[in-house]
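Remarks on the overall topology
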Amino acid sequence: TDSYHCWLQYRKIENADKYTNIASTISVALQSVVIDSAVNELKIALKSMLDIVPTVQQSVEDESSIILGTYESVNLNNYGISPKLFDDLNEEGYLVKTTDDNRQVLLIGKTDKGALYAAFHFLRILQQEESLIGLEIRETPKNQLRMMNQWDNMNGSIERGYSGNSIFFNDNDFTKDLARIKDYARLLSSVGINAISINNVNVWEVETKLLTKEFLPKVKEVATILRSYGITTYLSINYASPIELGNLPTADPLDKEVEKWWARKAEEIYSYIPDFGGFVVKADSEGRPGPFTYGRGHVEGANVLARALQPFNGKVVWRCFVYNCLQDWRDRKTDRARAAYDNFKPLDGQFLDNVILQVKNGPVDFQVREPISPLIGAMKETNQVVEFQIAQEYTGQQKDVCYLVPQWKEILNFDTYADGEGSTVKSIVDGSHYNYSHSGIAAVSNIGNDINWTGNTLAQANLYGFGRLTWNPDLSTEEITDEWIQLTFGHDPKVVEVLEFILLQSWRTYENYTAPLGVGWMVNPNHHYGPNVDGYEYSKWGTYHFADCKGIGVDRTMKTGTGYVGQYFGPNAERYNSLEDCPDELLLFFHHVPYTHKLHSGETVIQHIYNTHFQGVEEVETFIKKWNELEGKVENWVFENVKERFQLQLENAMEWRDRINTYFYRKSGIADEKNRTIY
Ligand code: BDP
């Protein structure tokens, strides 16, 4: 199926005349593995889109049509370009420019990585059938770290994987299918991803051994492939490695032997992979080991690793997903939402410079609707990365369509007021606001070895959109969506219209039929798909809705609640604390209200619940109707794949509607104003 190639299908271009001259020759101004990848990609794409096999020459001659190189290797003066154009581009930046006579196109990077990105950009232009006349594009990525976190286990399974097994591992070893890893690297690189951690943040016994000579040669092999696409390899590590691998009696970060062990380990890793990125660490979280065991904190915990990696320029990506997962549900005062901030905010300024804190976008856990984590922006002197989840753990698990780019845009544009007006999440994580030395955006991957990578083919759009946003958070949702549709499905106006409609509505729709007004959860414990009204209500995990016969919602206000709102800054704290001003969609995250409470929309909470749940199902029915109109207009395999998934989504939505509506009808005793059937 074509959908294996996702947005790199390089579909045949019908009116190709305007491109054929320019694509006949590729002149390469320097040699490197990354440049080889660019040449390779150009060759694949030009053959496939234009049926041209370009001549590749290892020098730049006047007649050449595509000129590929760096600003230092190409004599820019020959083309009337000043190298100064590159002054304000960082090492991954590039220029795509046609010459004045429009007979040549320059794909010039600041470094070879930039040249590769330029090639991908150029190919996007061709596939979107845009004009090359007078083209001049200068780009530089806004975020430094643009990272993918695989949650892959070496037995081949994937934590929260919804599209088959791992493409990296099976049978407690690396897979032999390196070609697939290369294809993944192409996909990631084409949207600007430049870093990846290849194993699950929960590091079990086998994965702990990734740091040993048994597996390091294989990590090296994978890193070599990824490197040729400008992608740096990281590993998730087990904090107890000094015990499990080093036979030390302790992993106490302040123990001299432990410190030495990490230093030697780092040296060993870098002897295999000189540009190894560093460690991703989930410590003292959900049962994983960490410095707490030894009476130490996150600072000591992270810094010992940072010191070991520092001589090699390596980084420690330390996750802030730390909370008490064994809390007592009877203790209403323990608010899980407070945990990341309470744990980390007091530590600002104490981490070494090659430590980056990775903060989930919301305070709880990737719900369809959550406020933005108040920790983001709250640490002026500590590098931060925001973490998204492309894998749709809580948003339909790649059975249901849920296009998350609109959610990520909202998060990135959110003003934290942490340092006065204009302290937006995007300006925090791109490093500009506090001048962080390292920062960026990371996300949990949604791919597996399913033939189309993502289970539901439409979930490819989330992977695409994530990458594009990490490169430039200012791209609009519509721009990204249209790019993805055209690259993947072509230009048929009907196809474009239907896909735009479905994708742009899908997040709202998912929210409509699941847990209402920001209260979250109400999912089946463990696997997290489908409704379970009280599934987590009386458990230790700290994710409650507090529904009773009088009302629903979590009081997180200052006076009567958990005080969580106090972690926000200025107007945000006020807005969320106020029952009148709190935005409807987050009302139940911050307030406990009677079912008759009136929303800004004019509806009562209970009527809103009924309305949105009926509406959610109707919207899925509309998606299905519209999708069915595309039969014959999209590849049959894809048509059937999405159609099947929509059937599952419809069943899911109906189940949510019926359980949620019934639950709240029974709790509240208030009938639906519109007298619809509530089971
Ligand atoms: C939760 C997942 C769990 C992950 C955890 C994490 O349910 O499987 O291990 O996040 O981020 O969302 O570490």
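Residues numbered from 1 in each chain as written. Predicted model: local features only at pLDDT ≥ 70, side-chain atom pairs only at ≥ 80, totals over all residues. Heavy atoms only, no water.

Rule in force here: UniProt positions are given in the numbering used here, feature names are shortened, and annotations may be inferred rather than shown by experiment.
As annotated in an unreviewed UniProt entry, the protein is Xylan alpha-1,2-glucuronidase from Niallia hominis. Recorded under Subunit (unreviewed entry), the UniProt text for the protein is reproduced unchanged: "Homodimer." In its Catalytic activity (unreviewed entry) section, UniProt records this for the protein: "Hydrolysis of (1->2)-alpha-D-(4-O-methyl)glucuronosyl links in the main chain of hardwood xylans."

1. Details of the site of the ligand
Using the following cut-off: In this text, near means that some heavy atom of the residue lies within 4 Å of the molecule or strand in question. Counting of polar contacts relies on pairs of N or O atoms within 3.5 Å, with two restrictions inside protein: one atom must be capable of donating a hydrogen and the other of accepting it, and residues adjacent in sequence are counted only when both atoms are side-chain atoms. Accessibility throughout is a Shrake-Rupley quantity obtained with a 1.4 Å probe, and a residue counts as covered only by protein chains that appear here. In this count, Pro and Cys sit with the nonpolar residues alongside Ala, Val, Leu, Ile, Met, Phe, Trp and Tyr, while Asp, Glu, Lys and Arg are called charged and the others, Gly among them, polar.
With respect to spatial proximity, 14 residues lie near the ligand, and among them Glu159, Lys282, Arg319, Asp365 and Glu393 are the closest. One of the side-chain N or O atoms of Lys360 is found 2.7 Å from an oxygen atom in the ligand. In the environment of the ligand, an oxygen atom lies 2.5 Å from a nitrogen or oxygen atom belonging to the side chain of Asp365. Protein contacts shield 96% of the accessible area of the ligand, which totals 320 Å² for the unbound molecule. Looking at the shell around the ligand, its residues break down into four nonpolar, two polar and eight charged.

2. Some thoughts on unusual backbone geometry
Selection rule: Counting from the N terminus, the helices are DSSP H or I runs at least four residues long and the strands are E runs at least two residues long. Partly exposed describes any residue whose relative accessible area lies between the buried limit of under 20% and the exposed limit of over 50%, with all areas from a 1.4 Å probe on protein chains only and scaled to the type maximum.
Despite not being glycine, Gln398 shows a phi value in the positive range, around 60°. Inspection of the secondary structure assignment puts Gln398 in the loop between β15 (384–389) and α11 (405–413). Given a relative accessible area of 0%, Gln398 falls into the buried group. One non-glycine residue with positive phi stands out, namely Leu517, at about 50°. Considering the arrangement of structural elements, one finds Leu517 in the loop between α15 (493–513) and β17 (551–552). The exposure class of Leu517 is buried, given its relative accessible area of 5%.

3. Quick word on the UniProt feature "domain: Alpha glucuronidase N-terminal" (unreviewed entry) in the protein
Feature annotation in UniProt assigns "domain: Alpha glucuronidase N-terminal" (unreviewed entry) to the following positions: residues 6–122. What you have in residues 6–122 is 28% helix and 19% strand, and the ends, taken at the C-alpha atoms, are 17 Å apart.

4. What about the sheet that holds strand β6 (residues 136–139)?
Convention followed: A strand pair is defined by DSSP finding two or more bridges across the two strands. Each axis is a line fitted through C-alpha atoms, and for a helix only the stretch in contact is used; angles between axes span 0 to 180 degrees, taken between their N-to-C directions.
Strand order across the open sheet formed by six strands is β2-β1-β3-β5-β4-β6, with mixed pairing between neighbours. Two strands bound the open sheet, and with one partner strand each, they are β2 (55–57) and β6. The mean angle between the axes of side-by-side strands here comes to 10°, regardless of whether they run parallel or antiparallel. Summarising the sheet, strand β1 (residues 25–28) and strand β3 (residues 66–70) pair through three bridges and their orientation is parallel. If you follow Ser27 over to β3, its bridge partner there is Ile67.

5. Topic: the sheet that holds strand β7 (residues 145–149)
Taken together, the eight strands give a closed barrel; going around it, the order is β7-β10-β11-β12-β13-β14-β15-β16, and neighbouring strands pair in parallel fashion. Here the strands of the sheet are splayed against their neighbours by 25° on average, with no regard to which way each runs. One ladder, built from four bridges, connects strand β13 (residues 315–319) with strand β14 (residues 355–360); its direction is parallel. Looking at β14, one finds that Val316 is bridged to Val355.

6. Digging into the side chain of Asp400
To be explicit about the condition: Within this scheme the basic residues Lys and Arg register as positive and the acidic residues Asp and Glu register as negative, but His and the chain ends are omitted. We define a salt bridge as a side-chain nitrogen of Lys or Arg found within 4 Å of a carboxyl oxygen belonging to Asp or Glu. We call two residues in contact when some of their heavy atoms are within 4.5 Å.
Following the sequence through the fold, Asp400 ends up in the loop between β15 and α11. Here Asp400 is buried and forms no salt bridge, its nearest opposite-charge partner Lys399 lying at an N-O distance of 6.9 Å. Among the polar contacts made by the side chain of Asp400, one reaches the side chain of Tyr513 at a distance of 2.6 Å. Once residues within four sequence positions are removed from consideration, Asp400 is found in contact with Gln392, Thr395, Asn456, Tyr510, Tyr513, Tyr529, Gln649 and Asn652.

7. Some details on the packing of helix α18 (residues 605–628) against helix α19 (residues 636–668)
This is how it is decided: Throughout, the term roughly parallel applies to angles under 35 degrees, roughly antiparallel to angles over 145, roughly perpendicular to angles from 65 to 115, and oblique to all others. It is the rotation of the near helix from the far one that decides the hand of a crossing: anticlockwise by less than a right angle makes it left-handed, clockwise makes it right-handed.
Interaxial distance between α18 and α19 falls to 9 Å at its minimum, and their mutual angle equals 165°. With respect to their mutual orientation, α18 and α19 come out roughly antiparallel. Handedness of the crossing formed by α18 with α19: left-handed.

8. Some thoughts on the pairing of strand β5 (residues 105–109)
Taking burial as the measure, the five residues of β5 include five buried ones, the bulk of the element. Side chains Val105, Leu107 and Gly109 of β5 all project onto a buried face; the interleaved residues Leu106 and Ile108 project onto the opposite face, where all are buried too. As paired strands, β3 and β5 are joined by five bridges and run parallel to one another. Note on β5: the bridge partner recorded for Ile67 is Leu106. In this structure, strand β4 (residues 94–98) lies alongside β5, joined through five bridges in antiparallel fashion. Across the sheet, the residue bridging to Leu95 is Ile108, located in β5.

9. A few points about the pattern of salt bridges
Evaluation of the coordinates by the stated rule reveals 34 salt bridges. With a shortest N-O distance of 2.9 Å, Arg186 and Asp183 are connected by a salt bridge. In this pair, Arg186 and Asp183 are both assigned in helix α4 (residues 178–190), three residues apart and thus about one turn of the helix distant. With a closest N to O distance of 2.9 Å, Glu286 and Lys282 form a salt bridge. Residue classification places Lys282 among the buried positions, given a relative accessible area of 6%.

10. A word on the side chain of Thr99
Mapped onto the fold, Thr99 is located in the loop between β4 and β5. Exposure remark for Thr99: the relative accessible area of 9% places this residue in the buried category. The residues touching Thr99, leaving out its near neighbours within four places in the chain, are Tyr79, Gln104 and Leu106.

11. Looking at the nonpolar core
Soluble, globular proteins show a tendency: their nonpolar side chains are buried together. Note the threshold: For this analysis, a nonpolar core means a set of buried residues of the types Ala, Val, Leu, Ile, Met, Phe, Trp, Tyr and Cys, connected via side-chain atoms within 4.5 Å.
Formed by 216 residues in total, the largest nonpolar core has its most connected members in Trp318 and Trp627. When residues no more than four places from it in sequence are discounted, the contact partners of Trp627 are Leu458, Val498, Leu499, Ile502, Val634, Val638, Phe639, Val642, Lys643 and Phe646. Formed by 10 residues, the second largest nonpolar core is a distinct cluster that contains Ile67, Leu76, Ile81 and Leu89.

12. Focus: the packing of aromatic side chains
Which entries qualify depends on this criterion: Stacked, tilted and edge-to-face pairs are distinguished by plane angle, under 30 degrees for stacked and over 60 for edge-to-face with tilted covering the rest, among Phe, Tyr and Trp rings (Trp via its six-membered ring) whose centres lie within 6.5 Å.
Under the criterion given, the structure shown has 37 aromatic pairs. With a centroid separation of 5.3 Å and an interplanar angle of 70°, the aromatic rings of Phe589 and Phe590 are classed as edge-to-face. Grouping residues by exposure puts Phe589 and Phe590 together as buried. Measuring from centroid to centroid gives 5.9 Å for Trp627 and Phe639, while their planes differ by 10°, and the two rings are stacked. You can see Trp627 sitting in helix α18 and its partner Phe639 sitting in helix α19, a full 12 residues away along the chain. Judged on exposure class, the residue Trp627 and its partner Phe639 are both buried.

13. Remarks on α18
So the rule is basically this: Given the number of residues in a helix, its expected span is that number minus one, multiplied by 1.5 Å.
For α18, spanning 24 residues, the distance from its first C-alpha to its last is 35 Å, which sits close to the expected 34 Å at 1.5 Å a residue. Of all 24 residues that make up α18, 18 are buried, and the element is covered over most of its length.

14. Notes on helix α6 (residues 216–227)
Given a rise of 1.5 Å per residue, 12 residues ought to cover 16 Å, and the 16 Å separating the end C-alpha atoms of α6 matches this to within 8%. Along α6, the residues that are buried comprise Leu216, Val219, Val222, Ala223, Ile225 and Leu226. Where α6 is buried, its residues contact β9 (173–174), α4, β10 (195–197), β11 (232–237) and α8 (256–272).

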